[in-house]
Amino acid sequence: MWVIKWVLKWILYFEVMMMGTSEQIVDELRSYNKEREWFEFKENWFVPDELGEYISALSNSAAIEGKKFAYFVWGINDKTHEVVGTGFDYDQDINHEPLKHYLRRKCSPDINFDFEELTIEEKRVVLLTIPAAKTVPVSYARERYIRIGSSKENLRKYPEKEG
């Protein structure tokens, strides 16, 4: 089992590297005039289960938009796209369980997202890279989510987008 996880991590790493460095990805996202269905900016926001819902929504929306990955970026102002830095700690525990494990355990099918800490303009930024859904929509806590514009919605409200 650990071999499969190791191979998946290297595939994710290789695909991200083909797109450019993480700093280049954040710069590209910042160049858009507003957030899209497949990426979200926050400064310090963090609510564990809502983050899981975002992982589902962003993964599913990336698939619909034809993107290989979706992104959640802390340390960027969502209106101005200015780098402001963040204190978000992705290494924290939720109920004595590492955050990454807590979120993955509630996602179905299993999704190999990854957190990365960056320094951009001398400020701390955290990039969460989320693979696009493959064969079925990604759910979190048995619910499937999607982005409509920059809003997170339950996929049940939009059956025409499921498929």
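Structural data are supplied above this passage.
### Quick notes on the overall build of the chain
Here is step 1 of the chain: When you go through the chain residue by residue, the secondary structure sums to four helices and 10 strands.
Here is step 2 of the chain: Helices and strands in the chain line up, N terminus first, as α-α-β-α-β-β-β-α-β-β-β-β-β-β.
Here is step 3 of the chain: With 163 residues in all, the chain has 44% of them scored as buried.
Here is step 4 of the chain: Total accessible area on the chain is roughly 9,000 Å²; 51% of this is exposed by carbon and sulfur atoms.

### Re the pattern of salt bridges
Side chains that carry opposite charge are capable of pairing whenever their charged atoms lie near each other.
Here is step 1 of the chain: Applying the stated criterion to the full structure yields 11 salt bridges.
Here is step 2 of the chain: One salt bridge in this structure joins Arg-105 and Glu-97, with 2.9 Å as the shortest N-O distance.
Here is step 3 of the chain: The partly exposed category is assigned to Arg-105, whose relative accessible area is 48%.
Here is step 4 of the chain: For Glu-97, a relative accessible area of 13% gives the class buried.
Here is step 5 of the chain: Across the pair Lys-157 and Glu-153 runs a salt bridge whose closest N-O atoms are separated by 3.1 Å.
Here is step 6 of the chain: Of the residues examined, Lys-157 reaches a relative accessible area of 55% and is grouped as exposed.
Here is step 7 of the chain: Three or more residues joined by partner-sharing salt bridges are found here, namely Asp-27, Arg-30 and Glu-121.

### As for unusual backbone geometry
For residues besides glycine, phi is generally negative; the peptide bonds are generally trans as well.
Here is step 1 of the chain: Of note, the bond from Ser-108 into Pro-109 is cis; its omega dihedral lies within 30 degrees of zero at -5 degrees.
Here is step 2 of the chain: Along the chain, the position of Pro-109 falls in the loop between strand E5 (107-108) and strand E6 (114-120).
Here is step 3 of the chain: Phi at His-96 is positive, roughly 65 degrees, even though this residue is not glycine.
Here is step 4 of the chain: Looking at the element boundaries, His-96 is found in the loop between strand E3 (93-94) and strand E4 (97-98).
Here is step 5 of the chain: Unusually for a residue other than glycine, Arg-142 sits at a positive phi of about 70 degrees.

### Description of the packing of aromatic side chains
Here is step 1 of the chain: A complete count under the given rule lists 14 aromatic pairs for this structure.
Here is step 2 of the chain: Considering the side-chain rings of Phe-46 and Phe-88, the 5.2 Å spacing of their centres and the 50 degrees angle between planes classify their relative orientation as tilted. Separated by 42 residues along the polypeptide, Phe-46 in the loop between strand E1 (39-42) and helix H3 (48-64) and Phe-88 in the loop between strand E2 (69-74) and E3 bring together distant segments of the chain.
Here is step 3 of the chain: On the basis of relative accessible area, Phe-46 is assigned to the partly exposed category, the value being 21%.
Here is step 4 of the chain: Taking 6.2 Å as the distance between ring centres and 40 degrees as the angle between the ring planes, the aromatic pair formed by Phe-88 and Phe-115 counts as tilted. Of the two residues, Phe-88 sits in the loop between E2 and E3 while Phe-115 sits in strand E6, which places them 27 residues apart along the sequence.
Here is step 5 of the chain: Here the aromatic residues Trp-45, Phe-46, Tyr-54, Phe-72, Trp-74, Phe-88, Tyr-90, Phe-113 and Phe-115 are joined through ring pairs into a cluster of three or more.
Here is step 6 of the chain: Over the ring of Tyr-145 we find Lys-152, and its NZ or CZ is 5.7 Å from the ring centre.

The rules we used
- Residues numbered from 1 in each chain as written.
- Predicted model: local features only at pLDDT ≥ 70, side-chain atom pairs only at ≥ 80, totals over all residues.
- Heavy atoms only, no water.
- Helix = DSSP H or I, 4+ residues; strand = E, 2+ residues; numbered from the N terminus.
- Buried < 20%, exposed > 50% of the residue type's maximum accessible area, 1.4 Å probe, protein only.
- Areas by Shrake-Rupley, 256 points an atom, 1.4 Å probe, with all protein chains shown as cover.
- Salt bridge = Lys/Arg side-chain N within 4 Å of Asp/Glu carboxyl O.
- Phe/Tyr/Trp six-rings, centres within 6.5 Å; stacked < 30°, edge-to-face > 60°.
- Lys NZ or Arg CZ within 6 Å of the ring centre and 35° of its normal.

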